[in-house]
Amino acid sequence: MTRLYYLDALRSFCMFFGLFVHAGTLDSGAWPSTTSFFVSEHFRMATFFVISGFFAVMMLGKRGIIGFAQHRALSLVLPLITALVLLNPVTNWLVYCYHTEPVGFWAFLTGDRPAPVRPINWHLHLWFLFSLIAYMVLLPFFDPILKRLGAPVRWLLKAPKDLQIGIIAVLMLSGEIASRIVYAAVFEPMVAKTPVAWLFRGTLQYMPYFLLGALTFHHRALFEALHRISWPTLLVGIGLTVLHRQLGLSGTLDTMVQVVAEEILTVGVLTSLFALARRLFSKASQTVSNFNDAVYSVYLFHYLAIYMLGLWVTTWPLPFVAQFALVLVLAFALTYALHRLVIRRVPLLHLLFNGKKRLAHGT
């Protein structure tokens, strides 16, 4: 199969956009933050998981179940454990110092300090790795089913092209509703008040997108259908989003309108990004390759870098938009340099943080 450079680039873009989202937590009410949150909600993780599903099936076919499990354990489980043990405690300490008050690291770990202003989230930005691990465990069971869905896929593809995207949006909306029902009925009573609640909720929420990506690997006409800028879908999604904000609803009705608007707009943005990425990044590029190579390190370390820099930069007499931009640029530069100059050059660090046994080419 010809290498799909643009999918690597788009997946990296989704991960890099996490810097905007997590820099926004420095001041969640400021407009750069709320804008980043809104934009992220309508493309980032959905697009990431579609691409992950596509590549996961490709790897499962190449390696078999045993080889697939070994590779995924190395590339997902090892970096997750490493970051949870080495990075997240320090990051949460910095988050506490930034939002509550400065305390010593040991006092933070032992709880000998005031209650935090904002909840301490033990997994922080690493939740998606738990979801990916769950999907990889389930994929060998789902994969034979996905292969047999040729008839419904052919039915979908008989519709006009814009309607195809609309049908996919409805399917993802149905998946979101089903995930909420399953969570409320099965998992919420057990985990709602525990530190793992979001791991269950997030994993269920994005599973339809992962399965969509896995399905497109087996049915390439459907994969091609995802590469379309569907203006009707985008306009309906935007219209419903604006309408939801104007109506001022509450309760179950508000949630329903919000979910419908979000899923339709998300699918419209997702397919547009697939189309644009293929136009712009279909050829090999050394610059894009370097970014792809560094994305895992940047993602694992960027939350730590953001709060380390935030404690310094936000003391300067600058408007938050300038502080936000400065933290973003410095956090990216610092974590990218860390990967290029240290992690990819030290075999043990390359293994622990990137899940790769050998050094990248060109070192």
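Residues numbered from 1 in each chain as written. Predicted model: local features only at pLDDT ≥ 70, side-chain atom pairs only at ≥ 80, totals over all residues. Heavy atoms only, no water.

**Considering the overall build of the chain**
- Across its full length, the chain carries 16 helices and zero strands.
- A principal-axis box enclosing the C-alpha atoms of the chain has dimensions of 60 × 55 × 40 Å.
- Sorting the 363 residues of the chain into buried and exposed places 48% on the buried side.
- Accessible surface, the chain: about 17,700 Å² in total, of which carbon and sulfur atoms supply 69%.
- The distance from the centre of the 28 positive side-chain charges to the centre of the 14 negative ones in the chain is 14 Å. (Helix = DSSP H or I, 4+ residues; strand = E, 2+ residues; numbered from the N terminus. Buried < 20%, exposed > 50% of the residue type's maximum accessible area, 1.4 Å probe, protein only. Areas by Shrake-Rupley, 256 points an atom, 1.4 Å probe, with all protein chains shown as cover. Lys, Arg positive; Asp, Glu negative; His and termini not counted. Charge placed at Lys NZ, Arg CZ, Asp CG, Glu CD.)

**Some points on the environment of Phe37**
- Looking at the secondary structure, you find Phe37 in helix H3 (residues 31–41).
- Separated by 223 residues in the primary sequence, Phe37 and Val260 place their C-alpha atoms 18 Å from one another.
- Excluding residues that lie within four positions of it along the chain, Phe37 makes contacts with Val21, Gly24, Thr25 and Ser28. (Contact = heavy atoms within 4.5 Å.)

**Some thoughts on helix H5 (residues 88–99)**
- With twelve residues, H5 extends 16 Å from end C-alpha to end C-alpha; this agrees with the ideal 16 Å at 1.5 Å per step.
- Looking only at H5, the buried set comprises Asn88, Thr91, Asn92, Leu94, Val95, Tyr96 and Cys97.
- Against helix H4 (44–86), helix H6 (105–110) and helix H14 (286–313) lie the buried residues of H5. (Expected span 1.5 Å × (residues − 1).)

**Quick look at the confidence of the model for the chain**
- In the predicted model, the chain carries a mean pLDDT of 95, and 98% of its residues have values of at least 70.
- Between the elements of the chain, mean pLDDT differs from a low of 94, seen in helix H12 (residues 231–247), to a high of 98, seen in helix H2 (residues 18–23). (pLDDT = per-residue confidence, 0-100.)

**Here's the deal with the pattern of salt bridges**
- As enumerated under the stated definition, the model contains nine salt bridges in all.
- Arg11 is paired through a salt bridge with Asp8; the nearest N and O atoms lie 3.2 Å apart. With Arg11 and Asp8 both in helix H1 (residues 5–16) and three residues apart, this pair spans about one turn of that helix.
- The class for Asp8 is buried, based on a relative accessible area of 10%.
- Between Arg340 and Asp293 there is a salt bridge, with the nearest N and O atoms lying 4.0 Å from each other. (Salt bridge = Lys/Arg side-chain N within 4 Å of Asp/Glu carboxyl O.)

**Here's the deal with the nonpolar core**
- Leu7, Phe49, Phe128, Leu129, Leu132, Tyr209 and Leu300 are the most contacted members of the largest nonpolar core, which has 92 residues in total.
- Among the elements that take part in this core, H4 stands out by supplying 17 residues, more than any other.
- Excluding anything up to four places from it in sequence, Phe128 contacts Met15, Met45, Phe48, Phe49 and Tyr299. (Core = buried A, V, L, I, M, F, W, Y, C linked by side-chain atoms within 4.5 Å.)

**A short note on the packing of aromatic side chains**
- On inspection of all chains with the given rule, the structure shows 32 aromatic pairs.
- Here Phe17 and Phe43 contribute two aromatic rings whose centre-to-centre distance is 5.2 Å and whose plane-to-plane angle is 75°, an arrangement assigned as edge-to-face. In this pair, Phe17 is assigned in the loop between H1 and H2 and Phe43 in the loop between H3 and H4, connecting sequence segments 26 residues apart. One exposure class covers both Phe17 and Phe43, and it is buried.
- Ring centres of Tyr98 and Tyr307 lie 5.5 Å apart, and the angle between their planes is 90°; this geometry places the pair in the edge-to-face category. Within this pair, whereas Tyr98 is found in helix H5, its partner Tyr307 is found in helix H14, the two being separated by 209 residues in sequence.
- One aromatic cluster in this structure is built from Phe48, Phe49, Trp127, Phe128, Tyr135, Trp198, Tyr206, Tyr209, Phe210 and Tyr299.
- Arg201 extends its terminal NZ or CZ atom over the ring of Tyr183, reaching a point 6.0 Å from the ring centre. (Phe/Tyr/Trp six-rings, centres within 6.5 Å; stacked < 30°, edge-to-face > 60°. Lys NZ or Arg CZ within 6 Å of the ring centre and 35° of its normal.)

**Topic: a nonpolar patch on the surface**
- Residues Trp231, Leu235, Ile238 and Val242 make up a contiguous nonpolar surface patch of roughly 440 Å² in combined accessible area.
- Within the element layout of this structure, Trp231 appears in helix H12. (Patch = residues over 30% accessible without salt bridge, like charges linked within 9 Å, V, L, I, M, F, W, Y side chains within 5 Å.)

**Side note on the packing of helix H9 (residues 161–191) against helix H13 (residues 251–281)**
- The geometry of H9 relative to H13 is characterised by a closest axis approach of 9 Å and an angle of 135° between their N-to-C directions. The orientation of H9 relative to H13 falls into the category oblique. At the point where H9 passes H13, the crossing takes the right-handed sense. For the pair H9 and H13, the contacting residues are Ile165, Ile168, Ala169, Met172, Leu173, Glu176 and Arg180 in the first and Thr255, Val259, Val260, Glu263, Ile264, Val267 and Thr271 in the second. (Axes fitted to C-alpha atoms, helices over the stretch in contact; angles between N-to-C directions. Parallel < 35°, antiparallel > 145°, perpendicular 65-115°, else oblique. Left-handed = near helix turned anticlockwise from the far one by under 90°.)

**Side note on the side chain of Ser36**
- Within the secondary structure layout, Ser36 lies in helix H3.
- With sequence-adjacent residues up to four places away left out, Ser36 is seen in contact with Phe17, Phe20, Val21 and Phe324.

**Here we look at unusual backbone geometry**
- You will see that Leu124, though not glycine, has its phi angle at about 50°, which is positive.
- Structurally, Leu124 can be placed in the loop between H6 and helix H7 (127–147).
- Among the residues examined, Leu124 registers a relative accessible area of 8% and is labelled buried.

**So, the packing of H4 against H14**
- At a closest axis distance of 15 Å, the pairing of H4 and H14 adopts a crossing angle of 95°. Classed by the angle they form, the pair H4 and H14 counts as roughly perpendicular. Contacts between H4 and H14 pair Arg44, Ser75, Leu76, Pro79 and Ala83 from the former with Tyr296, Tyr299 and Leu300 from the latter.

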